[in-house]
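Breakdown of the fold
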Amino acid sequence: MNPTPTSTSLPDRAPQRVRHALRFRALDVLAVERVTPHLVRVTLGGADLEGFHSPGFDDHAKLFFPDEATGALTLPTAGPDGPVWPEGRKPTMRDYTPRRFDAAAGTLEIDFALHVAGPATRWAERAAPGQRLGVGGPRGSFLVPTAFDGHVLIGDDTALPAISRRLAELPAGARALVLAEVDGPADHVDLPSAADVTLAWVHRDGAAPGAMPLLDALRAATLPAGDLHAWIGCESAAAKALRAHLVGERGLNPKWVRASGYWRRGSAATHDTHDE
(Lines give C-alpha, C1' and ligand atoms only; values in the text may rest on other atoms or scores of the structure.)
Protein backbone atom coordinates (compact mmCIF):
# COMPACT_ATOMS: atom_id res chain seq x y z
CA MET A 1 0.00 0.00 0.00
CA ASN A 2 1.34 3.45 -0.95
CA PRO A 3 1.68 5.81 1.99
CA THR A 4 -0.56 8.86 2.07
CA PRO A 5 1.43 11.93 0.98
CA THR A 6 2.15 14.39 3.73
CA SER A 7 2.57 18.14 3.50
CA THR A 8 6.32 17.67 3.62
CA SER A 9 6.36 15.14 0.74
CA LEU A 10 4.12 17.07 -1.66
CA PRO A 11 5.92 19.31 -4.18
CA ASP A 12 5.78 23.05 -3.60
CA ARG A 13 3.51 24.40 -6.33
CA ALA A 14 2.26 27.56 -4.62
CA PRO A 15 3.25 30.70 -6.54
CA GLN A 16 4.72 33.63 -4.69
CA ARG A 17 4.07 37.30 -5.32
CA VAL A 18 6.88 39.68 -4.46
CA ARG A 19 7.00 43.45 -4.65
CA HIS A 20 9.97 45.60 -5.59
CA ALA A 21 10.85 49.17 -4.77
CA LEU A 22 9.59 51.56 -7.44
CA ARG A 23 12.46 53.05 -9.41
CA PHE A 24 12.88 54.78 -12.74
CA ARG A 25 16.08 54.57 -14.78
CA ALA A 26 17.51 56.46 -17.75
CA LEU A 27 19.63 53.91 -19.60
CA ASP A 28 22.00 54.04 -22.55
CA VAL A 29 21.65 51.94 -25.69
CA LEU A 30 24.84 49.89 -25.87
CA ALA A 31 24.06 47.60 -28.81
CA VAL A 32 21.30 46.83 -31.30
CA GLU A 33 20.93 43.46 -33.05
CA ARG A 34 18.45 42.41 -35.74
CA VAL A 35 17.92 38.85 -34.48
CA THR A 36 15.28 37.93 -37.09
CA PRO A 37 13.42 39.92 -39.76
CA HIS A 38 10.81 40.82 -37.15
CA LEU A 39 12.82 40.92 -33.91
CA VAL A 40 15.23 43.60 -32.69
CA ARG A 41 17.28 43.08 -29.54
CA VAL A 42 18.41 46.22 -27.72
CA THR A 43 21.08 46.01 -25.02
CA LEU A 44 20.91 48.74 -22.38
CA GLY A 45 23.34 49.79 -19.68
CA GLY A 46 24.53 52.66 -17.57
CA ALA A 47 24.96 53.66 -13.94
CA ASP A 48 21.19 53.73 -13.36
CA LEU A 49 20.99 49.98 -13.97
CA GLU A 50 22.57 49.33 -10.56
CA GLY A 51 20.10 47.47 -8.32
CA PHE A 52 17.84 46.29 -11.16
CA HIS A 53 15.93 43.16 -10.14
CA SER A 54 13.70 40.90 -12.22
CA PRO A 55 13.26 37.41 -10.71
CA GLY A 56 10.02 36.46 -12.49
CA PHE A 57 10.22 34.98 -15.97
CA ASP A 58 7.22 37.02 -17.16
CA ASP A 59 8.03 40.25 -15.33
CA HIS A 60 7.03 43.50 -16.99
CA ALA A 61 9.13 46.65 -17.05
CA LYS A 62 7.67 49.93 -18.21
CA LEU A 63 9.63 51.48 -21.08
CA PHE A 64 9.57 55.24 -21.55
CA PHE A 65 10.38 56.39 -25.08
CA PRO A 66 12.05 59.67 -26.03
CA ASP A 67 9.94 62.32 -27.73
CA GLU A 68 9.97 61.50 -31.44
CA ALA A 69 10.32 65.16 -32.42
CA THR A 70 12.85 66.43 -29.89
CA GLY A 71 14.57 63.28 -28.62
CA ALA A 72 14.03 64.43 -25.02
CA LEU A 73 13.46 61.70 -22.45
CA THR A 74 11.01 62.49 -19.65
CA LEU A 75 10.81 60.27 -16.56
CA PRO A 76 8.75 60.50 -13.38
CA THR A 77 10.10 60.26 -9.87
CA ALA A 78 8.90 57.74 -7.32
CA GLY A 79 6.45 59.27 -4.86
CA PRO A 80 4.71 57.69 -1.86
CA ASP A 81 1.60 56.96 -3.97
CA GLY A 82 3.30 56.09 -7.25
CA PRO A 83 4.91 58.02 -10.12
CA VAL A 84 5.14 61.80 -9.86
CA TRP A 85 5.36 63.49 -13.25
CA PRO A 86 6.93 66.83 -14.07
CA GLU A 87 4.88 69.44 -15.91
CA GLY A 88 4.40 68.82 -19.61
CA ARG A 89 3.43 65.98 -21.88
CA LYS A 90 4.04 62.44 -20.65
CA PRO A 91 6.16 60.16 -22.85
CA THR A 92 4.94 57.14 -24.77
CA MET A 93 5.02 54.11 -22.45
CA ARG A 94 4.83 50.38 -23.15
CA ASP A 95 5.26 47.18 -21.08
CA TYR A 96 8.04 44.76 -22.06
CA THR A 97 9.49 41.64 -20.47
CA PRO A 98 13.21 41.98 -19.70
CA ARG A 99 14.77 39.20 -21.78
CA ARG A 100 18.05 39.01 -19.88
CA PHE A 101 19.71 40.97 -17.11
CA ASP A 102 23.42 40.44 -16.47
CA ALA A 103 24.37 42.14 -13.21
CA ALA A 104 28.07 41.37 -13.63
CA ALA A 105 28.21 42.87 -17.12
CA GLY A 106 25.79 45.67 -16.25
CA THR A 107 23.51 44.97 -19.22
CA LEU A 108 19.78 44.57 -19.79
CA GLU A 109 18.37 43.06 -23.00
CA ILE A 110 14.95 43.98 -24.36
CA ASP A 111 13.45 42.27 -27.43
CA PHE A 112 11.11 44.23 -29.70
CA ALA A 113 8.73 42.30 -31.97
CA LEU A 114 8.25 44.37 -35.12
CA HIS A 115 4.72 44.13 -36.47
CA VAL A 116 2.16 46.84 -35.79
CA ALA A 117 3.63 50.21 -36.71
CA GLY A 118 3.62 52.27 -33.52
CA PRO A 119 5.98 54.43 -31.48
CA ALA A 120 7.76 51.47 -29.84
CA THR A 121 8.32 49.76 -33.19
CA ARG A 122 9.52 53.00 -34.81
CA TRP A 123 11.97 53.56 -31.95
CA ALA A 124 13.32 50.01 -32.12
CA GLU A 125 13.80 50.16 -35.90
CA ARG A 126 15.87 53.35 -35.51
CA ALA A 127 17.64 52.51 -32.25
CA ALA A 128 21.40 52.99 -32.20
CA PRO A 129 24.17 52.99 -29.58
CA GLY A 130 24.32 56.23 -27.65
CA GLN A 131 20.57 56.81 -27.55
CA ARG A 132 18.61 56.78 -24.30
CA LEU A 133 15.60 54.81 -23.07
CA GLY A 134 13.70 55.02 -19.80
CA VAL A 135 12.89 51.91 -17.75
CA GLY A 136 10.57 51.66 -14.75
CA GLY A 137 10.21 48.60 -12.55
CA PRO A 138 9.50 45.76 -12.58
CA ARG A 139 7.14 46.72 -9.77
CA GLY A 140 6.49 43.13 -8.78
CA SER A 141 7.05 39.51 -9.74
CA PHE A 142 4.94 36.36 -9.81
CA LEU A 143 7.25 33.44 -9.05
CA VAL A 144 5.99 30.07 -10.30
CA PRO A 145 7.69 26.94 -8.89
CA THR A 146 9.08 24.42 -11.36
CA ALA A 147 7.88 21.36 -9.37
CA PHE A 148 5.21 20.24 -11.85
CA ASP A 149 5.04 17.03 -13.88
CA GLY A 150 5.09 19.10 -17.04
CA HIS A 151 4.97 22.63 -18.38
CA VAL A 152 3.06 24.13 -21.31
CA LEU A 153 4.28 27.44 -22.75
CA ILE A 154 2.26 29.10 -25.51
CA GLY A 155 2.89 32.49 -27.06
CA ASP A 156 3.64 34.64 -30.07
CA ASP A 157 6.66 36.83 -30.81
CA THR A 158 5.82 39.20 -27.96
CA ALA A 159 6.06 36.31 -25.48
CA LEU A 160 9.39 34.89 -26.66
CA PRO A 161 11.40 36.69 -23.93
CA ALA A 162 9.20 35.18 -21.19
CA ILE A 163 9.24 31.74 -22.81
CA SER A 164 13.02 31.94 -23.15
CA ARG A 165 13.42 32.85 -19.49
CA ARG A 166 11.09 30.10 -18.29
CA LEU A 167 12.87 27.45 -20.34
CA ALA A 168 16.22 28.64 -18.99
CA GLU A 169 15.07 28.17 -15.39
CA LEU A 170 13.48 24.73 -15.85
CA PRO A 171 15.76 22.02 -14.43
CA ALA A 172 17.08 18.92 -16.12
CA GLY A 173 14.42 16.22 -16.08
CA ALA A 174 11.53 18.66 -16.42
CA ARG A 175 9.24 18.23 -19.43
CA ALA A 176 7.86 21.10 -21.46
CA LEU A 177 5.69 21.63 -24.52
CA VAL A 178 6.25 24.95 -26.31
CA LEU A 179 3.99 26.36 -29.03
CA ALA A 180 5.53 29.54 -30.44
CA GLU A 181 3.84 31.63 -33.15
CA VAL A 182 5.94 33.66 -35.59
CA ASP A 183 5.60 34.80 -39.19
CA GLY A 184 7.72 32.05 -40.72
CA PRO A 185 10.90 29.95 -40.49
CA ALA A 186 13.17 33.00 -40.69
CA ASP A 187 11.73 34.16 -37.36
CA HIS A 188 12.77 31.10 -35.35
CA VAL A 189 15.10 31.82 -32.42
CA ASP A 190 17.17 29.63 -30.13
CA LEU A 191 15.37 28.63 -26.92
CA PRO A 192 17.95 26.70 -24.87
CA SER A 193 16.91 24.68 -21.84
CA ALA A 194 18.15 21.88 -19.62
CA ALA A 195 14.60 20.47 -19.69
CA ASP A 196 13.19 17.91 -22.12
CA VAL A 197 11.45 20.32 -24.52
CA THR A 198 9.04 19.60 -27.36
CA LEU A 199 9.06 22.78 -29.46
CA ALA A 200 6.55 23.45 -32.24
CA TRP A 201 6.88 26.62 -34.30
CA VAL A 202 3.50 27.87 -35.53
CA HIS A 203 3.66 30.01 -38.69
CA ARG A 204 1.01 32.66 -39.23
CA ASP A 205 2.27 33.93 -42.60
CA GLY A 206 -0.80 34.25 -44.80
CA ALA A 207 -3.28 33.61 -41.98
CA ALA A 208 -6.53 35.56 -42.21
CA PRO A 209 -7.02 38.50 -39.82
CA GLY A 210 -8.48 37.22 -36.56
CA ALA A 211 -7.28 33.66 -37.15
CA MET A 212 -5.86 31.79 -34.16
CA PRO A 213 -3.05 29.52 -35.40
CA LEU A 214 -1.96 28.82 -31.81
CA LEU A 215 -5.38 27.47 -30.90
CA ASP A 216 -5.35 25.17 -33.93
CA ALA A 217 -1.88 23.95 -32.94
CA LEU A 218 -2.93 23.38 -29.33
CA ARG A 219 -5.98 21.34 -30.36
CA ALA A 220 -3.67 19.05 -32.33
CA ALA A 221 -0.96 18.84 -29.66
CA THR A 222 -0.34 16.07 -27.14
CA LEU A 223 0.19 17.50 -23.67
CA PRO A 224 2.70 16.09 -21.18
CA ALA A 225 1.18 13.68 -18.67
CA GLY A 226 0.51 14.49 -15.02
CA ASP A 227 -0.01 17.78 -13.20
CA LEU A 228 0.76 20.62 -15.60
CA HIS A 229 1.44 24.31 -15.29
CA ALA A 230 0.48 26.30 -18.39
CA TRP A 231 1.50 29.82 -19.32
CA ILE A 232 0.07 31.79 -22.25
CA GLY A 233 1.10 35.16 -23.69
CA CYS A 234 -0.24 36.47 -27.01
CA GLU A 235 -3.06 38.53 -28.54
CA SER A 236 -5.80 38.96 -25.93
CA ALA A 237 -8.69 37.13 -27.63
CA ALA A 238 -6.39 34.25 -28.54
CA ALA A 239 -5.03 34.03 -24.99
CA LYS A 240 -8.55 33.80 -23.60
CA ALA A 241 -9.50 31.07 -26.09
CA LEU A 242 -6.32 29.09 -25.39
CA ARG A 243 -6.96 29.16 -21.65
CA ALA A 244 -10.59 28.09 -22.16
CA HIS A 245 -9.40 25.12 -24.21
CA LEU A 246 -6.84 24.01 -21.64
CA VAL A 247 -9.26 24.29 -18.72
CA GLY A 248 -12.55 23.33 -20.36
CA GLU A 249 -11.47 20.72 -22.90
CA ARG A 250 -8.18 19.39 -21.52
CA GLY A 251 -9.17 19.51 -17.85
CA LEU A 252 -6.18 21.44 -16.53
CA ASN A 253 -6.42 22.90 -13.04
CA PRO A 254 -7.48 26.53 -13.61
CA LYS A 255 -5.23 27.62 -10.74
CA TRP A 256 -2.27 26.39 -12.77
CA VAL A 257 -3.14 28.12 -16.05
CA ARG A 258 -1.99 31.73 -16.45
CA ALA A 259 -3.00 33.61 -19.58
CA SER A 260 -2.11 37.16 -20.53
CA GLY A 261 -3.18 39.26 -23.48
CA TYR A 262 0.09 40.99 -24.31
CA TRP A 263 -1.70 43.03 -26.97
CA ARG A 264 -5.21 43.45 -28.29
CA ARG A 265 -6.12 43.62 -31.94
CA GLY A 266 -7.14 47.16 -32.84
CA SER A 267 -5.92 48.70 -29.55
CA ALA A 268 -2.67 50.24 -28.36
CA ALA A 269 -0.83 49.77 -25.07
CA THR A 270 -3.06 47.05 -23.63
CA HIS A 271 -2.28 44.19 -21.27
CA ASP A 272 -5.10 41.86 -20.22
CA THR A 273 -5.06 39.10 -17.62
CA HIS A 274 -7.35 36.11 -18.16
CA ASP A 275 -7.44 34.17 -14.91
CA GLU A 276 -11.09 33.16 -15.04
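See the structure shown above.
Residues numbered from 1 in each chain as written. Predicted model: local features only at pLDDT ≥ 70, side-chain atom pairs only at ≥ 80, totals over all residues. Heavy atoms only, no water.

Concerning the packing of aromatic side chains
Note the threshold: Each pair of aromatic rings taken from Phe, Tyr and Trp, with Trp reduced to its six-membered ring, is defined by centres within 6.5 Å and is described as stacked if the planes are under 30 degrees apart, edge-to-face if over 60, and tilted in the remaining cases. The criterion is that NZ of a Lys, or CZ of an Arg, lies within 6 Å of the ring centre and within 35 degrees of the ring normal, and then a charge sits over that ring.
Under the counting rule described, the total for this entry stands at 10 aromatic pairs. Each member of the aromatic cluster is reached from another via a ring pair, and the members are Phe65, Tyr96, Phe112 and Trp123. Its guanidinium or amino end placed over the ring of phenylalanine 142, arginine 258 lies 3.9 Å from that ring's centre, counting from NZ or CZ.

Some points on the pattern of salt bridges
Opposite charge on two side chains allows them to pair when their charged atoms are near. Spelled out, the test is: Counted as salt bridges are all cases of a side-chain nitrogen of Lys or Arg within 4 Å of a carboxyl oxygen of Asp or Glu.
Applying the stated criterion across every chain, the model contains 17 salt bridges. Several salt bridges converge on common partners, so that one network encompasses Arg41, Arg99, Glu109 and Asp111.

A closer look at the packing of helix α3 (residues 213-220) against helix α4 (residues 236-249)
The line we're drawing: Here, axes are lines fitted to C-alpha atoms. For helices the fit covers the stretch in contact, and angles between N-to-C directions go from 0 to 180 degrees. Numbering of helices and strands runs from the N terminus; a helix is a DSSP stretch of H or I covering at least four residues, while a strand is a stretch of E covering at least two. Each angle is binned into one of four classes, with values under 35 degrees roughly parallel, values over 145 roughly antiparallel, values of 65 to 115 roughly perpendicular, and all other values oblique. Note on convention: near helix rotated counterclockwise from far helix by under a right angle means a left-handed crossing. Clockwise means right-handed. Note on contacts: a residue pair is in contact if any heavy atoms of the two residues lie within 4.5 Å. Side-chain classes follow a simple rule in which Ala, Val, Leu, Ile, Met, Phe, Trp, Tyr, Cys and Pro form the nonpolar group, Asp, Glu, Lys and Arg form the charged group, and the remainder, Gly included, forms the polar group.
The contact between α3 and α4 brings their axes to 9 Å, and the two run at 15 degrees. Overall, the two elements α3 and α4 adopt an arrangement that is roughly parallel. Here the hand of the crossing between α3 and α4 comes out right-handed. Contacts between α3 and α4 involve Leu214, Leu215, Leu218 and Arg219 from the first element and Ala241, Leu242, His245 and Leu246 from the second. Here the contact of α3 with α4 is built from residues that sort into six nonpolar, one polar and one charged.

Considering the nonpolar core
Convention followed: Grouping buried Ala, Val, Leu, Ile, Met, Phe, Trp, Tyr and Cys residues that are joined through side-chain atoms within 4.5 Å yields what is termed a nonpolar core. Think of it in three bands: residues with accessible area under 20% of the maximum for their type are buried, residues over 50% are exposed, and the middle band is partly exposed, with areas taken using a 1.4 Å probe on protein chains only.
Ile163, Leu167, Trp201 and Trp231 are the most contacted members of the largest nonpolar core, which has 24 residues in total. The set of elements that each furnish at least two residues to this core consists of α2 (160-169) and β13 (175-182). Once residues lying within four places of it in the same chain are set aside, the contact partners of isoleucine 163 are Leu153, Ile154, Gly155, Val178, Leu191 and Trp231.

Side note on unusual backbone geometry
As a rule of thumb, non-glycine residues mostly have phi less than zero, and peptide bonds are mostly trans rather than cis. For the peptide bond that leads from glycine 137 to proline 138, omega is 0 degrees, which places it in the cis range. Residue placement: proline 138 occurs in the loop between β10 (132-136) and β11 (140-143).

Considering α3
Residues of α3 that are buried: Pro213, Leu214, Leu215 and Leu218. Where α3 is buried, its residues meet β12 (150-156), β13, β14 (196-203), β15 (228-235) and α4.

So, the pairing of β10
We count it as follows: One requirement defines pairing of two strands: DSSP has to find at least two bridges between them.
With respect to burial, β10 is a largely interior element, four of its five residues being buried. Relative to β10, strand β2 (residues 24-36) is paired through five bridges, and the arrangement is antiparallel. By the bridge assignment, phenylalanine 24 is partnered in β10 with glycine 136. Bridging between strand β4 (residues 61-65) and β10 involves three bridges; their strand directions are antiparallel. If you follow leucine 63 over to β10, its bridge partner there is valine 135.

Describing the sheet that holds β4
Strand order in this open sheet of seven strands is β7-β4-β10-β2-β3-β9-β8, and the pairing throughout is antiparallel. In the strand order of this sheet, the two ends are held by β7 (92-96) and β8 (98-102), each with one partner. Across this sheet, the average inter-strand angle for adjacent strands is 35 degrees, counted without regard to direction.

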